[in-house]
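# Structural overview
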Amino acid sequence: MENAILEMLSKEKGNYISGQMMSNQLQVSRTTISKHIKKLIDKGYDIQSSTRKGYCLHKDSDIIFINHIQNQIPNFYKNIEYYDEVPSTNNLMKGTQYRQGDVVIADYQSHGRGRNGRSFHSPKEKGLYFSFVIEPQLTIYDSLKITALCAVSLVKAIMNNYPLEPSIKWVNDIILNNKKVAGILCEAALEMNTAQIQKMVIGIGLNVHKQEFPDNLKDIATSLENECDVFVEREKIMIDFLNYFYDHYNHLSFMDDYKKYSCILHQDIIVYQNNESYNAYVLDINDDASLKILVDNKEKNLNSGEITIRKAES
């Protein structure tokens, strides 16, 4: 019932719908409508109530509807679940009940996670926070390809909806104007004898709508709307991402795009590893998405793991 009410209000965002009209269309009493509206308001939905005019969803509200997404993506994505709040979509999907093609979306994460145990700021209705499961025929040594594929798919989804040119900071951050706008977290369960990936949970966190960031993030994080002041519904971005990901998933032919969108290719960088740092130059990005770097005139390959990199200051 709550979802049906939200769909009605969402179609008329910024305008009032009378309680009687909602009652007639949904074939329930006005008292039932009123009770469910109160529950939605308690959950944080910005709904105005007027005795004379009825109910109005704020014009800037952005509600995700599973059926809208399901109707516009391949059958590869078998089951989509939506939650108003979860601690972490990745943590939830580590449960054994989730299989390849299952997707979990949250409007808010109380303990969103990034790489290396970092947190990911996930305020309600401001970003796109979701995870999905794949069962790739790959070993852990090829797992960087999946992170790279997600990065390319996310950049394409952003560019398809905004007049923006995001870039990829190896291996899992999406950057706009030198600030992070999105992060990707891939976590795999392995067959120990073969290092084959049995199941991989992919988490996406994208800052979408205009927002003020906490003091510890305001100089390093941004959102899509903060950069261009264009409103796009979150489900539209998600539909584009899931379609782009599926298009490339079976043949993994995207490394040319990954290189094109990279902000560190042919750049001087600083590598931070094992509590030490050293200068390097990025020669190339290998087919397995590792970096080919030059250190003290010697070539070496750099894999992800516990490594972070940043552009060296000029």
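Report follows, based on the coordinates. (Residues numbered from 1 in each chain as written. Predicted model: local features only at pLDDT ≥ 70, side-chain atom pairs only at ≥ 80, totals over all residues. Heavy atoms only, no water.)

### Regarding the packing of aromatic side chains
The tally for this structure, following the rule as stated, stands at 10 aromatic pairs. Judged by centre distance (5.6 Å) and plane angle (45°), the rings of F76 and Y246 are tilted. Placement of F76 in the loop between α4 (66-70) and β4 (79-83) and of Y246 in helix α8 (residues 234-249) is noted, with a sequence separation of 170 residues between them. Taking the relative accessible area as the measure of exposure, F76 reaches 13% and is therefore buried. A relative accessible area of 30% places Y246 in the partly exposed class. On the numbers, 5.6 Å between centres and 65° between planes, the contact of F130 with F241 is edge-to-face. Taken together, the residues span a long stretch of sequence, with F130 in strand β6 (residues 127-134) and F241 in helix α8 at a distance of 111 residues. We note that F130, like F241, is buried. One aromatic cluster is present, built from ring pairs that chain together F76, Y77, F130, F132, F241, F245, Y246 and Y249. Just above the ring of F76 sits the side chain of K78; from NZ or CZ to the centre is 5.8 Å. Above the face of the Y45 ring, K124 is positioned so that its terminal group lies 4.6 Å from the ring centre. (Phe/Tyr/Trp six-rings, centres within 6.5 Å; stacked < 30°, edge-to-face > 60°. Helix = DSSP H or I, 4+ residues; strand = E, 2+ residues; numbered from the N terminus. Buried < 20%, exposed > 50% of the residue type's maximum accessible area, 1.4 Å probe, protein only. Lys NZ or Arg CZ within 6 Å of the ring centre and 35° of its normal.)

### Describing the side chain of N161
Mapping N161 onto the fold places it in helix α6 (residues 144-161). N161 sits in the buried class, given a relative accessible area of 15%. Setting aside anything within four residues of it in sequence, one finds N161 in contact with V230, V232, K236, I237 and D240. (Contact = heavy atoms within 4.5 Å.)

### Overview of the pattern of salt bridges
In total, this model carries 17 salt bridges according to the counting rule given. As a salt-bridge pair, K260 and D257 come within 3.6 Å of each other at their nearest N and O atoms. One end of the pair, K260, and the other, D257, are both in helix α9 (residues 255-261), 3 residues apart, so they sit about a helical turn from each other. You can call K260 exposed: its relative accessible area is 57%. Through salt bridges that share partners, D62, D107, K124 and R234 make up one connected network. (Salt bridge = Lys/Arg side-chain N within 4 Å of Asp/Glu carboxyl O.)

### Focus: the nonpolar core
In this structure, F130, I202, L206, F241, F245 and Y258 are the most contacted members of the largest nonpolar core, which totals 68 residues. Of the residues forming this core, the biggest block, 11 residues, is contributed by α6. Leaving out residues up to four positions away in the same chain, F130 has contacts with T89, V103, V104, I105, I202, G203, I204, M238, F241 and L242. The next biggest cluster of nonpolar side chains, apart from the first, holds 15 residues, and it includes M8, Y45, L57 and I63. (Core = buried A, V, L, I, M, F, W, Y, C linked by side-chain atoms within 4.5 Å.)

### A look at unusual backbone geometry
Only a minority of non-glycine residues have a phi that is not negative, and only a minority of peptide bonds are not trans. Note that the residue after W170, namely V171, is joined by a cis bond; omega there is 0°. Tracing the backbone shows V171 in the loop between β7 (167-169) and β8 (173-176). Of note, the phi angle at N177 is positive, near 50°, even though the residue is not glycine. Mapping N177 onto the fold places it in the loop between β8 and β9 (179-191).

### Section: the side chain of T222
Structurally, T222 can be placed in the loop between β10 (196-207) and α7 (224-228). On the basis of relative accessibility, which here comes to 2%, the residue T222 falls in the buried class. Not counting the four nearest positions on each side in its chain, T222 is found in contact with L176, K179, K180, V181, N207, F213 and E227.

### Observations regarding the packing of helix α1 (residues 2-11) against helix α2 (residues 19-26)
Running from amino to carboxyl end, α1 crosses α2 at an angle of 125°, the nearest separation of the two axes being 11 Å. One element, α1, and the other, α2, form an angle in the oblique class. As α1 packs across α2, the resulting crossing turns out to be right-handed. For the pair α1 and α2, contact is made by A4, I5, M8 and L9 and by M22, Q25 and L26, respectively. Its residues assigned to classes, the contact of α1 with α2 comprises 6 nonpolar, 1 polar and no charged. (Axes fitted to C-alpha atoms, helices over the stretch in contact; angles between N-to-C directions. Parallel < 35°, antiparallel > 145°, perpendicular 65-115°, else oblique. Left-handed = near helix turned anticlockwise from the far one by under 90°. Nonpolar A, V, L, I, M, F, W, Y, C, P; charged D, E, K, R; others polar.)

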